[in-house]
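# Structural description and commentary
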Amino acid sequence: MALSELVKYEGDNSAFIWKYPNEDFNCMTELVVHEGQEAIFYANGQAADAFGPGRYKLDAKNIPILTDMINIVTGVAVFHCEIYFITKTVQMAVKWGTDSKVRFTEPTLGVPVEIGASGEMNLAVEDGKKLLVKLVGAKNGIAWDESGAGFTKSLQMSFRPLISTEVKTNISTAIKQRGIDIVEVDEHLGELSEALKERILPGFEEYGLTIPEFYLTNVLLPEDDPNFVKLRELHTLSLQKRMAEAEAEVKTTQAESRAAYLTAEAEAEAKIKAAQRGAILEGQTTETEIAKKEAERRLIQAQADAQAAQMAGMAEAAVMQAKGYNQKDVLQADVQKAYAEGIGNMGPAVSNGGGSSVMGDMLGLGVGMAAMNAMAPQVGEMMRGMNVTGNAGAAGAVAAGAVAAGVGAAQTIKCPSCGNVLPANAKFCLECGTKIEQLPAGEIICPSCGKKTPAGKFCMECGAKM
């Protein structure tokens with residue numbers, strides 16, 4: 001034993017636990033533990049302290065259990081112990097497999113077939129002291145397989161029965177529970193891997209190991225087994241049936257989509273046409289409303305114009321009445337003026353030799369006044385009031401007859417709106433503009449009720465004095 005010694009890991013990458021070959025140390029010995037490793041001291045038949053990554057001196061200060069092992073004579077602590085290095089990193093792609101075929105009975109047809117299973121897993125040490133105490137003991141170390149340097153036992157040999165039993169027991173159940181077709185088992189390896197890991201993991205944890213990932217990578221199918229050949233044929237027929245059903249469903253869906261599209265297109269077209277018809281009807285209605293409103297406007301305007309004309313006539317009549325006379329007074333004044341002028345123009349009586357005479361003057365006056373239709377009644381009245389004798393009386397009689405004839409030929413009417421006196425042949429009122437209806441001979445319009453009545457002194461409709 002050297003006075004000073006450096007203890008470190010010298011095993012290979014396949015080892016989970018590696019034992020340092022030397023077992024005698026002193027307090028000058030140094031221990032180096034790398035990252036991803038753990039060192040455990042085994043002294044007096046029991047696991048002592050554990051050291052994580054770092055550099056340590058093997059003395060009583062760091063390892064209290066060594067206090068009783070110091071050689072008091074030499075002053076140097078010499079002790080006997082075992083040092084185990086434990087790899088804490090995850091060991092990747094650790095292979096596993098069943099030692100024999102697994103009998104699987106197809107649930108639909110009840111046909112038995114034999115299958116095998118294999119895969120890989122990632123393995124790591126979770127509790128190094130537990131693994132060391134329960135599995136390694138005093139051995140040189142342990143690796144997954146038998147290739148470990150001088151190891152008398154491997155983890156693969158230790159856990160093969162556990163893996164094989166759990167896989168055989170649970171793989172058939174997992175396939176049936178998930179309704180997996182054995183011919184399509186490769187499509188469900190992920191599901192089956194998780195199911196098998198749940199069953200296997202507790203057995204590893206009992207020894208301080210853990211399984212971060214577990215993979216079922218291959219399910220060996222008996223391709224030459226007649227029963228499996230029948231299963232594959234049935235699977236092919238079932239697949240063809242499903243494909244035909246899927247194709248029919250696709251065609252049905254396409255037809256339904258096409259029908260829905262055509263229906264939607266027809267509905268959209270119908271809505272467009274309805275909207276167009278509505279727009280046309282709305283336009284026609286608008287035009288009708290515009291024409292109606294224009295007609296109403298014109299009617300209101302005409303009524304307003306007529307009312308304005310009527311109000312103007314009534315206003316003029318009110319002005320005349322306020323001045324103390326009316327249209328009759330004006331007419332009588334004109335008649336009297338004409339009569340006076342006629343009297344003034346009369347010459348003295350002449351002999352039979354010729355020249356002007358009273359008779360001629362009266363006839364001229366009567367004929368002139370007869371031409372004035374509006375003055376005829378007044379002239380007649382005046383002529384009847386005149387007292388003439390001889391030739392003058394005869395002339396007056398003749399003139400009176402002429403005037404009477406003129407009066408009969410020139411009757412007057414009154415406007416039904418404002419009551420203005422008009423010639424019998426008048427078509428519109430000179431005062432208010434009202435249109436005058438032409439009546440048959442012998443009929444007039446009553447100024448009180450505005451209805452037709454025979455010419456006379458009283459109206460036959462309302463009894464008003466004419």
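Residues numbered from 1 in each chain as written. Predicted model: local features only at pLDDT ≥ 70, side-chain atom pairs only at ≥ 80, totals over all residues. Heavy atoms only, no water.

## Here we look at the overall build of the protein chain
Quick note on the threshold: Only runs of H or I of at least four residues qualify as helices and only runs of E of at least two qualify as strands under DSSP, and these elements are numbered from the N terminus. Classification of residues uses two cut-offs on accessible area relative to the type maximum, computed with a 1.4 Å probe and protein chains only: under 20% is buried, over 50% is exposed, and between them is partly exposed. The contact rule is simple, with two residues in contact once any of their heavy atoms fall within 4.5 Å. Under the convention used here, a 1.4 Å probe and the Shrake-Rupley method define accessible areas, while residue burial counts only the protein chains that appear.
Looking only at helices and strands, the protein chain features eight helices and 18 strands. Here the protein chain holds 466 residues, and the buried ones make up 32% of them. In the protein chain, 57% of the contacts between residues at least 6 apart in sequence involve partners at least 24 apart. Element-wise, carbon and sulfur atoms account for 54% of the exposed surface of the protein chain, whose accessible area totals about 27600 Å².

## Quick look at helix α3 (residues 189-205)
What counts here: One fewer than the residue count of a helix, multiplied by 1.5 Å, yields its expected span. What we call the bend at a residue is the angle made by axes fitted to the seven residues finishing there and the seven residues starting there.
A rise of 1.5 Å per residue sets the reference length of α3, with its 17 residues, at 24 Å; its end C-alpha atoms lie 24 Å apart and thus fit the reference within 8%. Along α3, the sharpest change in direction is near 35 degrees and occurs at arginine 199; proline proline 202 comes one to four residues later. Inspection of α3 places Leu189, Leu192, Ser193, Ala195, Leu196, Lys197, Ile200, Leu201, Gly203 and Phe204 among the buried residues, and these make up the whole buried set. Residues of α3 that are buried make contact with β12 (112-125), α2 (155-177) and β14 (209-220).

## Considerations on the sheet that holds strand β7 (residues 54-57)
The line we're drawing: For two strands to count as paired, DSSP must find a minimum of two bridges between them.
Taken in spatial order, the three strands of this open sheet run β1-β4-β7, and their pairing is mixed. In the strand order of this sheet, the two ends are held by β1 (6-7) and β7, each with one partner. Where β1 and strand β4 (residues 30-33) come together, two bridges link them in parallel fashion. Within β4, the residue paired with valine 7 across the bridge is leucine 31.

## Details of the nonpolar core
Cut-off, in case you're wondering: Residues belong to one nonpolar core when they are buried, are Ala, Val, Leu, Ile, Met, Phe, Trp, Tyr or Cys, and are joined through side-chain atoms within 4.5 Å.
Ile115, Ile171, Ile175, Ile182, Phe204 and Leu216 are the most contacted members of the largest nonpolar core, which has 47 residues in total. Counting 18 residues, the second largest nonpolar core, distinct from the first, contains Val33, Phe41, Leu58 and Ile83.

## Section: the confidence of the model for the protein chain
Caution applies to low-pLDDT parts of the model: their predicted coordinates are not meant to be read in detail. Applied cut-off: pLDDT is a residue-level measure of predictor confidence that goes from 0 to 100.
Across the protein chain, the average pLDDT comes to 75, with 72% of residues at 70 or higher. In this model residues 348-360 is a low-confidence stretch, pLDDT under 50, and it forms 14 contacts with partners more than four residues away in sequence or in other chains. In this model, residues 382-410 is a region of pLDDT below 50 whose contacts with residues beyond four sequence positions or in other chains number 36 contacts.

## A look at the packing of α2 against α3
As a reminder of what qualifies: Note on geometry: axes are C-alpha line fits, over the in-contact stretch for helices, and angles between N-to-C directions span 0 to 180 degrees. Should the near helix be turned counterclockwise from the far one by less than a right angle, the crossing is left-handed, whereas a clockwise turn marks it as right-handed.
One can describe the packing of α2 onto α3 by two numbers: an axis separation of 9 Å at closest approach and a directional angle of 145 degrees. Crossing handedness for the pair α2 and α3: right-handed. Contacts between α2 and α3 involve Phe159, Leu162, Ile163, Glu166, Val167, Asn170, Ile171, Ala174 and Ile175 from the first element and Leu192, Ala195, Leu196, Arg199, Ile200, Gly203 and Phe204 from the second.

## Examining empty space enclosed by the protein
This is how it is decided: Grid spacing is 1 Å over the protein atoms alone, the probe is 1.4 Å, and a cavity is where that probe fits but cannot get out, while a pocket is an open set with protein on both sides within 12 Å along at least five of seven lines and lining residues have an atom within 4 Å of a point. Grid points are joined across faces, edges and corners, and a volume is the space filled by probe spheres set on the points. In the scheme used here, Gly and all other residues not listed as nonpolar or charged are polar, with Ala, Val, Leu, Ile, Met, Phe, Trp, Tyr, Cys and Pro taken as nonpolar and Asp, Glu, Lys and Arg as charged.
Under the criterion given, the structure shown has one cavity of 30 Å³ or more. Taken as a whole, the largest cavity spans an internal volume of roughly 50 Å³. Ile413, Lys414, Pro416, Ile436, Glu437, Leu439, Ile444 and Ile445 together form the lining of the largest cavity. Of all the elements in the fold, those that place two or more residues in the lining of the largest cavity are β15 (412-414) and β17 (443-445). Taken together, the residues of the lining of the largest cavity sort by class into six nonpolar, no polar and two charged.

## Concerning the pattern of salt bridges
Pairing of side chains with opposite charge becomes possible as their charged atoms draw close. Quick reminder of the rule: Definition used for salt bridges: Asp or Glu carboxyl oxygen within 4 Å of a side-chain nitrogen of Lys or Arg.
One pass over the structure, following the stated rule, counts 14 salt bridges. Its salt-bridge partner being arginine 199, residue glutamate 166 comes within 4.0 Å of it at the nearest N-O pair. One end of the pair, glutamate 166, is in helix α2; the other, arginine 199, is in helix α3, and 33 residues separate them in sequence. Glutamate 166 sits in the buried class, given a relative accessible area of 18%. Given a relative accessible area of 47%, arginine 199 falls into the partly exposed group. Between glutamate 294 and arginine 297 there is a salt bridge, and its shortest N-O distance comes to 2.5 Å. In this pair, glutamate 294 and arginine 297 are both assigned in helix α4 (residues 226-323), three residues apart and thus about one turn of the helix distant. Through salt bridges with shared partners, a single ionic network connects Lys19, Glu23 and Glu82.

## Points about the packing of aromatic side chains
Each aromatic ring pair is summarised here by two numbers: the centre-to-centre distance and the angle between the ring planes. What counts here: Pairing of aromatic side chains here covers Phe, Tyr and the six-membered ring of Trp, requires ring centres within 6.5 Å, and sorts the geometry by plane angle: under 30 degrees stacked, over 60 edge-to-face, intermediate tilted. Comment: the charge-over-ring label is applied if NZ (Lys) or CZ (Arg) is within 6 Å of the ring centre and within 35 degrees of the ring normal.
Here the structure, examined in full by the defined rule, presents 11 aromatic pairs. Look at tryptophan 18 and tyrosine 20: their rings are 6.1 Å apart centre to centre, the planes differ by 85 degrees, and that puts the pair in the edge-to-face class. For tryptophan 18, a relative accessible area of 9% translates into the label buried. Seen in terms of ring centroids, tryptophan 18 and phenylalanine 85 are 5.9 Å apart; in terms of plane orientation they differ by 40 degrees. Their pairing is tilted. With tryptophan 18 in strand β2 (residues 15-19) and phenylalanine 85 in strand β9 (residues 82-87), the pair connects residues that are 67 residues apart, well separated along the chain. Note on phenylalanine 85: relative accessible area 0%, which makes it buried. An aromatic cluster is defined as three or more aromatic residues linked by ring pairs; in this entry it consists of Tyr9, Trp18, Tyr20, Phe25 and Phe85. Seen from the ring of tyrosine 207, lysine 134 lies directly overhead, with NZ or CZ sitting 5.0 Å from the centre.

## Considering helix α1 (residues 128-136)
Counted only if it meets this: Directions from the helix axis toward the C-beta atoms define the arc. What qualifies as a polar contact is a pair of N or O atoms within 3.5 Å, subject to a donor-acceptor requirement within protein and to the restriction that residues adjacent in sequence count only when both atoms come from side chains.
If you check which residues of α1 are buried, you get Gly128, Leu131, Leu132, Leu135 and Val136. What you see down the axis of α1 is that its buried residues fit within an arc of 110 degrees, all on one side. With a side-chain oxygen positioned 3.4 Å from the backbone nitrogen of lysine 129, the residue opening α1 is aspartate 127.

## A short note on a nonpolar patch on the surface
Counted only if it meets this: Nonpolar side chains (Val, Leu, Ile, Met, Phe, Trp, Tyr) within 5 Å and like charges within 9 Å form the patches, drawn only from residues with over 30% relative accessible area and no salt bridge.
Judged by side-chain polarity, Leu109, Leu234 and Leu237 come together as a nonpolar surface patch covering roughly 280 Å² of accessible area. Mapped onto the elements of the fold, leucine 237 is located in helix α4. For leucine 237, a relative accessible area of 54% translates into the label exposed.

## Remarks on the environment of cysteine 415
As for its position among the elements, cysteine 415 is in the loop between β15 and β16 (421-423). Expressed as a C-alpha distance, the spacing of cysteine 415 and phenylalanine 428, which sit 13 residues apart in the sequence, is 8.5 Å. Apart from residues no more than four positions distant in its own chain, cysteine 415 is found in contact with Asn420, Leu422, Cys429, Cys432, Thr434 and Ile436.

## With respect to the environment of isoleucine 445
With respect to the helices and strands, the residue isoleucine 445 is situated in strand β17. A relative accessible area of 14% places isoleucine 445 in the buried class. Along the chain, isoleucine 445 and isoleucine 413 lie 32 residues apart, while their C-alpha atoms are 7.5 Å from each other. Not counting chain neighbours up to four residues away, the residues in contact with isoleucine 445 comprise Pro416, Leu439, Gly450, Lys451 and Met466.

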